[in-house]
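So the chains spell out like this:
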Amino acid sequence: QVQLVESGGGLVPTGGSLRLSCSASGRTSSSIGMGWFRQAPGKEREVVAGIRWNGRSTYYADSVKGRFTISGDGAKNALFLQMNNLKPEDTAVYYCDVLNGDYSPSNYWGRGTQVTVSS
């Protein structure tokens, strides 16, 4: 099993910034990478960004390209998401997870961290 703890969310105005952090523990030695996912009220959970430890390739959803930056350290099981120029549509609960395959989640999930962007 993998335990995930997200932090760094909050309430910001449109155009503001936040930096999310994620710490993973447990069976992470075989992890190929990690990602950030989000779920807004009434919507399905979606991938936001992902990073693969081997080669450091990254993926971003079209809606966040140019505004969000994912980073992390596989050896330390630490993951970050720098979010700039936030928009009201970024409001959601943000989760981190270990990647399974390309940029799909493994469905371990932590409690998430709430991000609210006021208009």
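Participant: Explain the overall build of the protein chain here, please?
Facilitator: When you go through the protein chain residue by residue, the secondary structure sums to zero helices and eleven strands. Start at the N end of the protein chain and walk to the C end: the helices and strands fall as β-β-β-β-β-β-β-β-β-β-β. Over its C-alpha trace the protein chain gives a radius of gyration of 13 Å, about what one expects of a compact globule, namely 14 Å for 119 residues. Counting only C-alpha atoms and orienting by the principal axes, one finds that the protein chain spans roughly 40 × 25 × 25 Å. Looking at the protein chain as a whole, 42% of its 119 residues are labelled buried. Taking all contacts inside the protein chain whose residues are at least 6 apart in sequence as the whole, residues at least 24 apart take part in 53%. Accessible area for the protein chain stands at about 6,200 Å²; split by element, carbon and sulfur atoms hold 46% of it. Seen as two clouds, the 12 positive and the 9 negative side-chain charges of the protein chain have centres 5 Å apart.

Participant: Explain the sheet that holds strand β8 (residues 78-83) to me, please; I cannot follow it from the model alone.
Facilitator: Each strand in a sheet pairs with its neighbour through backbone hydrogen bonds, running either in the same direction (parallel) or in the opposite one (antiparallel). Read from one edge of the open sheet, four strands run β1-β3-β8-β7, paired in antiparallel fashion. Each edge of the open sheet carries a strand with a single partner, namely β1 (2-7) and β7 (68-73). Going from strand to strand, the sheet's axes swing by 15° on average, the running direction of each strand aside.

Participant: Help me understand the pattern of salt bridges, please; the structure alone is not making it clear to me.
Facilitator: What the rule picks out here adds up to four salt bridges. Notably, a salt bridge pairs Glu46 with Arg38, separated by 2.8 Å at the nearest N-O pair. Look at Glu46 and you get partly exposed, because its relative accessible area is 37%. We classify Arg38 as buried; its relative accessible area is 6%. Between Arg38 and Asp90 there is a salt bridge, with its nearest N and O atoms 3.0 Å apart. With a gap of 52 residues between them, Arg38 in strand β4 (residues 33-39) and Asp90 in the loop between β8 and β9 (92-100) connect regions that are remote in the sequence. With relative accessibility at 1%, the residue Asp90 sits in the buried group. Through salt bridges with shared partners, one network takes in Arg38, Glu46, Arg67 and Asp90.

Participant: What is the right way to look at unusual backbone geometry in this model?
Facilitator: Most peptide bonds take the trans configuration, and most residues that are not glycine carry a negative phi. Backbone geometry places Asn107, a non-glycine residue, at a positive phi of 70°. Following the sequence through the fold, Asn107 ends up in the loop between β10 (104-105) and β11 (113-118). The phi angle at Trp109 is positive, at roughly 60°, despite the residue not being glycine. With respect to the helices, strands and loops of the structure, Trp109 is situated in the loop between β10 and β11.

Here is what the cut-offs are and how they apply
The residue numbering used here restarts from 1 in each chain and proceeds along that chain's sequence as written. Local features in this predicted model are restricted to residues of pLDDT 70 or higher, and side-chain atom pairs are both shown and tallied only at a pLDDT of 80 or more, whereas totals for entire chains, interfaces and linings draw on every residue. Side-chain metrics rest on all non-hydrogen atoms present in the structure, leaving aside hydrogens and water. The helix count covers DSSP runs of H or I at least four residues long, the strand count covers runs of E at least two residues long, and both are numbered beginning at the N terminus. As a reference, a globule follows 2.2 Å times the number of residues to the power 0.38, and the radius of gyration itself is taken over C-alpha atoms. Throughout this description, buried means an accessible area under 20% of the type-specific maximum (1.4 Å probe, protein chains only), exposed means over 50%, and partly exposed covers the range between. Residue contacts follow a heavy-atom distance rule, with two residues in contact if any of their heavy atoms lie within 4.5 Å. Computed by Shrake-Rupley with a 1.4 Å probe, the accessible areas treat only the displayed protein chains as cover when residues are assessed. Two residue types count as positive, namely Lys and Arg, and two as negative, namely Asp and Glu; His and chain ends fall outside the count. Lys charges are placed at NZ, Arg charges at CZ, Asp charges at CG and Glu charges at CD. The pairing criterion is simple: DSSP has to find at least two bridges between the two strands. Axes here mean lines fitted to C-alpha atoms, for a helix over just the part in contact, with angles spanning 0 to 180 degrees between N-to-C directions. In what follows, salt bridge is the name for a side-chain nitrogen of Lys or Arg lying within 4 Å of a carboxyl oxygen of Asp or Glu.

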